[in-house]
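Listed below, chain by chain, are the residues.
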2 protein chains.
Amino acid sequence: MMNKVIGIDIGGTSIKLALFDMTGLMLDQWSIPTNTANEGSEIPADIIQSIRERMSRGTQCLEEILGIGIGVPGPVNEKVVKRAVNLGWTNFPLKQMIEKSLNIPVALLNDANAAALGEMWKGSTEHVRNLVFVTIGTGVGGGIIVDGKILNGQHASGGEIGHIPVHSTEERICGCGNINCLECYGSANGMVKTMNRLADRSAVSNTKEIFDLIEADDPQAKETLKMTVDYLGRAIAGVMNTLDPEEIVIGGGVSEAGPLFLAPLRAAIDSYAFPQISGSFRLRKAILGNEAGMYGAAYQIVSTLKEYAV
Amino acid sequence: MMNKVIGIDIGGTSIKLALFDMTGLMLDQWSIPTNTANEGSEIPADIIQSIRERMSRGTQCLEEILGIGIGVPGPVNEKVVKRAVNLGWTNFPLKQMIEKSLNIPVALLNDANAAALGEMWKGSTEHVRNLVFVTIGTGVGGGIIVDGKILNGQHASGGEIGHIPVHSTEERICGCGNINCLECYGSANGMVKTMNRLADRSAVSNTKEIFDLIEADDPQAKETLKMTVDYLGRAIAGVMNTLDPEEIVIGGGVSEAGPLFLAPLRAAIDSYAFPQISGSFRLRKAILGNEAGMYGAAYQIVSTLKEYAV
C-alpha cells in the first residue's frame, strides 16, 4: 500500500479528478459531469460515489487515500465554500460533507489559487516559493503564493487581480458590480470589446480572430493588443512593485497566443515596473493547462497533511 | 539578568536606538547623530560604541542583549544593505560588521518594513498577522506583512507601494526614474504640486496649508484633496484586491491631518475595492510615529531568534 491523495477541480460543466502520489506524480485521472440541478446539492454525493467506484478498480483502494484537495469556482474559507455562483452554492459545507462520508481529510481552495499552486509545484523548472499567477481568459483571475502558501485573504479575496481598478475614458461595468476593473479591459472579452469599439462595428467575436488580424498587420487589431497589454502591464507592474515575486506565470486562453501576446505584455510590464525589477524578473507561460487545478488541489492537501504531521 | 534586544532605526540625520525586553516593552531609548562622512563608513563604529557605552550604564550590561534589529533607509537582503543613498552605502555589510564586533546576532530590514512590523506588534489593538502599511509623507512608502512576516521580495522591492503606476493627464517624473508613480501624486510633495497647478501659482508650500484652506472651504484645496485621495484610493484598492489584508495602516506626515484626510481616503478606497472587501475592511492611522521603526527592528530580531530556537 502506498500513500496517495486525490486532487479535484470542480468546474461549471465537469468535475476533474486525479490520483497522485505524495510527490505529485499523477497516477490516474478521470472526470464526471457537474450536476448543477437543485442548487448543486448532488455534487458532493456524485464526487463521493465517483471516488468510491474508482478506488475499487484494479489494485486501487480507498484506504490508500490520505487526503483530498478540492478546487472550487468561488471564494472559500477553511471550512466552507462561501459562494460558487455557477454551482448554486452559498456557505456550502463541502469539506465536512466529503470528510464525513469518506472519513478522509479534505482541503478546500479557490480554483485560481489551485492553478497557481499547481504551476508552482509542477510547472516551474526552478524551486519557486513566491509566485503570482494571472489567468487571462474570458475574465482575468489570479492566485498569489507567498512563501509556498496561498494568500487567501481576510475576505477570501486574495489574488483578485482582475478587479484591480484601471483608468479608462470608457465606462465598462464589471461582473462584480464595480466600474472599470482590469477584467473589463484585460480579458478576452475586454479585448474583443476594445477591438469592436475601435472598428466601430462587430469586427471580431474572439481573440483568435484578433491575433490572426495582427499577423495580417491590421492596424486596429494591433492597437487593440497594445491597449490590452498596457492595461494588463500597468496592473501587473503594480502587483510586482507590491509583491516583488520570484515568478509571474500567465495562463488562460489568451496566453495561448504565445509570444505574440506575451512579448508585448512583458514589455508593458517592464515599462511600468520599479527600475530594480524591470528587465530582471521571470515571466513565463503556464504549462499545466486545465490540469493545473488538480495538481494544485493535490498540493494543498499534501502540504496540509505535512503541516499536521509536524 | 534578563533577556533583551536592541531595535535601531538609522535615519539620514539621526540614529534612534532602544532597548526592549522580549515582549516588546521599551526599557531605554537614546539617539546619536548620523555621520554620513566618508560614505557612511563611520556609522557601524558609532553604533557599536554607543551600544557599548549605554550598556555599561547603571545595571545595564551587554551580556543581556540576545540580538539587535536594524532598520535602514534602503533595500536590504539577509546579509547586506543593497543601497542606502542617504547614507552613501552600496552592498554594505552592516550585519557582519556589527555581529563581528559585538558578537551578537543582527537582523537587517528596510525602514518602511520595520515601521510596518512595529505597527503590527505594538500598534494594533487586535492580533493581526496580515497588514499593509502605507506611509504618506514627503514620498509614499510601504511595508507588507503576510502571516507575520515582512514580504521583502525577490529584488528587495516588496512593499514599494509608492511606485505603483498611476494614470494622469500630466507627466511627473519620479525619483526612481519612472513617470507617474503613485508617489508623484499621492505624497505631500505631490499634493502641493497638484494644488499649485490648480491655482496656477505657488499657492502653498506644504500640506498643512492645504488642510487649513480646506477647513476654510477653499475649492482648489478641496479639489486637491479629492484628486490626491483618488490616486491613493485606486492604488490602495488595487493592493487590497490583491492581498486582502486584515488591516490597512496609514502613517507618515500627511496622516497627521487625521479624519480630514483619512475619511475621504477611506471613501475612495471603498469606491474602488472589490465588493466583498469594500466597506468591511479595517483602516487605521499609525500610532507609533517615529518609534515604529525601533519597535519593528526589535520585533524582527525577536522573531528571528525564536525561529532559530525551534
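This one's a predicted model, so the numbers in the text were calculated from it and none came from an experiment. (Residues numbered from 1 in each chain as written. Chains lettered and ligands numbered in written order. Predicted model: local features only at pLDDT ≥ 70, side-chain atom pairs only at ≥ 80, totals over all residues. Heavy atoms only, no water.)

Let's shift gears to the overall build of chain A. The secondary structure content of chain A amounts to 10 helices and 12 strands. Computed over the C-alpha atoms, the radius of gyration of chain A is 20 Å, within 12% of the 19 Å expected from 2.2 N^0.38 for a compact globule of 310 residues. Taken along the three principal axes of its C-alpha coordinates, chain A extends 60 × 45 × 35 Å. Here chain A holds 310 residues, and the buried ones make up 56% of them. (Helix = DSSP H or I, 4+ residues; strand = E, 2+ residues; numbered from the N terminus. Rg over C-alpha atoms; globule rule 2.2 N^0.38 Å. Buried < 20%, exposed > 50% of the residue type's maximum accessible area, 1.4 Å probe, protein only.)

On the side of chain A, 42 residues touch chain B, which itself brings 42 residues to the contact. Roughly 3300 Å² is buried in total at the junction of chain B and chain A, and carbon and sulfur atoms are behind 56% of that figure. Across the contact surface, chain B and chain A share 2 salt bridges. The residue D147 of chain A makes a salt bridge to K149 of chain B at a minimum N-O spacing of 3.8 Å. Between the two partners, chain B and chain A, sit 21 residue pairs in polar contact (both at pLDDT 80 or more). Elements that contribute at least two residues to the side of chain B that touches chain A include exactly β9 (140-146), α8 (219-243) and α9 (259-272) of chain B. (Contact = heavy atoms within 4.5 Å. Buried area = accessible area lost by both parts, 1.4 Å probe. Salt bridge = Lys/Arg side-chain N within 4 Å of Asp/Glu carboxyl O. Polar contact = N/O pair within 3.5 Å; in protein donor to acceptor, adjacent residues only side chain to side chain.)

Glancing now at the packing of helix α4 (residues 111-123) of chain A against helix α10 (residues 292-309) of chain A. All names here are of chain A. Two elements in contact, α4 and α10, have axes separated by 6 Å at closest approach and are oriented at 80°. With respect to their mutual orientation, α4 and α10 come out roughly perpendicular. Counting all contacts with α4, which are made through A114, A115, L117, G118, E119, M120, W121 and K122, the residues of α10 involved are A292, G293, Y295, G296, A297, A298, Y299, Q300 and V302. Residue composition of the contact of α4 with α10, grouped by class: 11 nonpolar, 4 polar and 2 charged. (Axes fitted to C-alpha atoms, helices over the stretch in contact; angles between N-to-C directions. Parallel < 35°, antiparallel > 145°, perpendicular 65-115°, else oblique. Nonpolar A, V, L, I, M, F, W, Y, C, P; charged D, E, K, R; others polar.)

So, about the relation of the copies chain B and chain A. Between the two copies, chain B and chain A, the superposition gives an RMSD of 0.0 Å; the rotation angle is 180° and the shift along the axis is 0.0 Å. The superposition of one copy onto the other is thereby described by a two-fold rotation axis. Measuring from the rotation axis to each C-alpha of chain B, the shortest distance belongs to H167 of chain B, at 3.2 Å. (Least-squares fit on C-alpha atoms with pLDDT ≥ 70 in both.)

Looking now at the domain arrangement of chain A. Residues and elements named next belong to chain A. Taken domain by domain, chain A comprises domain 1 (4-115 + 290-309) and domain 2 (126-286). The centre of domain 1, based on its C-alpha atoms, is set 29 Å off from the matching centre of domain 2. At the interface, 9 residues of domain 1 touch 12 residues of domain 2. Both faces combined, the contact of domain 1 with domain 2 buries some 760 Å², and carbon together with sulfur accounts for 46% of it. Looking only at domain 1, the three residues that lose the most surface to domain 2 are A112, N113 and Y299, adding up to 51% of its buried area. The tally of links from domain 1 across to domain 2 stands at 0 salt bridges. Taken together, the connections running from domain 1 to domain 2 amount to 1 residue pair in polar contact (both at pLDDT 80 or more). With 3 residues, α4 is the single largest residue contributor to the side of domain 1 that touches domain 2. Its residues placed into classes, the side of domain 1 that touches domain 2 shows 5 nonpolar, 2 polar and 2 charged. (Domains from an automatic or database assignment.)

Within a beta sheet, neighbouring strands are joined by backbone hydrogen bonds and run either parallel or antiparallel to one another. All names here are of chain A. Read across the open sheet, the 5 strands follow the order β3-β2-β1-β4-β7; overall the sheet is mixed. Of all strands in the sheet, those with a lone pairing partner are β3 (26-33) and β7 (106-110), marking the two edges. Taken over all neighbouring pairs, the strand axes of this sheet differ in orientation by 20° on average, direction set aside. Alignment of strand β4 (residues 65-72) against β7, held across 5 bridges, turns out to be parallel. (Pairing = 2+ DSSP bridges.)

Our next topic: the nonpolar core. Residues I250, F261 and L265 of chain A together with I250 and F261 of chain B are the most contacted members of the largest nonpolar core, which totals 96 residues. Residues within four places of F261 of chain B in sequence aside, it is in contact with I136, F211, L225, V229, L232, I250, V254 and S255 of chain B. (Core = buried A, V, L, I, M, F, W, Y, C linked by side-chain atoms within 4.5 Å.)

Below, the discussion takes up the environment of D21 of chain B. Residue and element names in this part refer to chain B. One can find D21 in strand β2 (residues 14-21). Residue class for D21 comes out buried when judged on its relative accessible area of 11%. At 2.7 Å, the side chain of D21 forms a polar contact with the side chain of T23. Reaching out from D21, the side chain makes a polar contact with the backbone nitrogen of L25 at a distance of 3.0 Å.

For R54 of chain B, the position within the fold is in helix α2 (residues 43-54). Leave out the neighbours within four places in its chain, and R54 of chain B touches D28, Q29, W30 and Q60 of chain B.

Residue and element names in this part refer to chain B. With mixed pairing, 5 strands are arranged side by side in an open sheet as β3-β2-β1-β4-β7. If you trace the sheet from one side to the other, it starts and ends with β3 (26-33) and β7 (106-110), each paired once. Between one strand axis and the next, the sheet turns by 20° as a mean value, whatever way the strands run. The strands that α2 touches are β1 (4-10), β2, β3 and β4 (65-72); relative to β3, the one it contacts most, it runs at about 140°. Lying over the sheet, helix α4 (residues 111-123) contacts β1, β4 and β7, oriented at roughly 100° with respect to β7.

Moving on, we get to the environment of P44 of chain B. Residues and elements named next belong to chain B. Tracing the sequence through the fold places P44 in helix α2. Between the C-alpha atoms of P44 and L94, which are 50 residues apart in sequence, the distance is 6.8 Å. Apart from residues lying up to four places away in sequence, P44 is in contact with F92, L94, M97 and I98.

It is worth spelling out the pairing of β9 of chain B at this point. Residue and element names in this part refer to chain B. Buried residues dominate β9, accounting for 7 of its 7 residues. Neither face of β9 is open: one carries V140, G142, I144 and V146, the other G141, G143 and I145, and all of them are buried. Here 6 bridges tie strand β8 (residues 131-136) to β9, and the two strands are oriented antiparallel to one another. Its bridge partner lying in β9, V132 is registered against I144. Remark: 3 residues form the turn of the hairpin made by β8 and β9, two consecutive strands paired antiparallel. Note: β9 against strand β10 (residues 149-150), 2 bridges, orientation antiparallel. Counterpart to V146 in the pairing with β10 is K149. The hairpin formed by β9 and β10 contains 2 residues between the paired strands, and D147 there has a positive phi angle of roughly 55°.

Here we take up the pattern of salt bridges. Tallying each qualifying case throughout the model produces 32 salt bridges over all chains. A salt bridge links K208 of chain B to D212 of chain B; the shortest N-O distance between them is 2.7 Å. Of the two residues, K208 of chain B and D212 of chain B both sit in helix α7 (residues 207-215), 4 residues apart, roughly one turn of that helix. Three or more residues are tied together by salt bridges with common partners; here these are E119, E126, E247, R282 and R284 of chain A.

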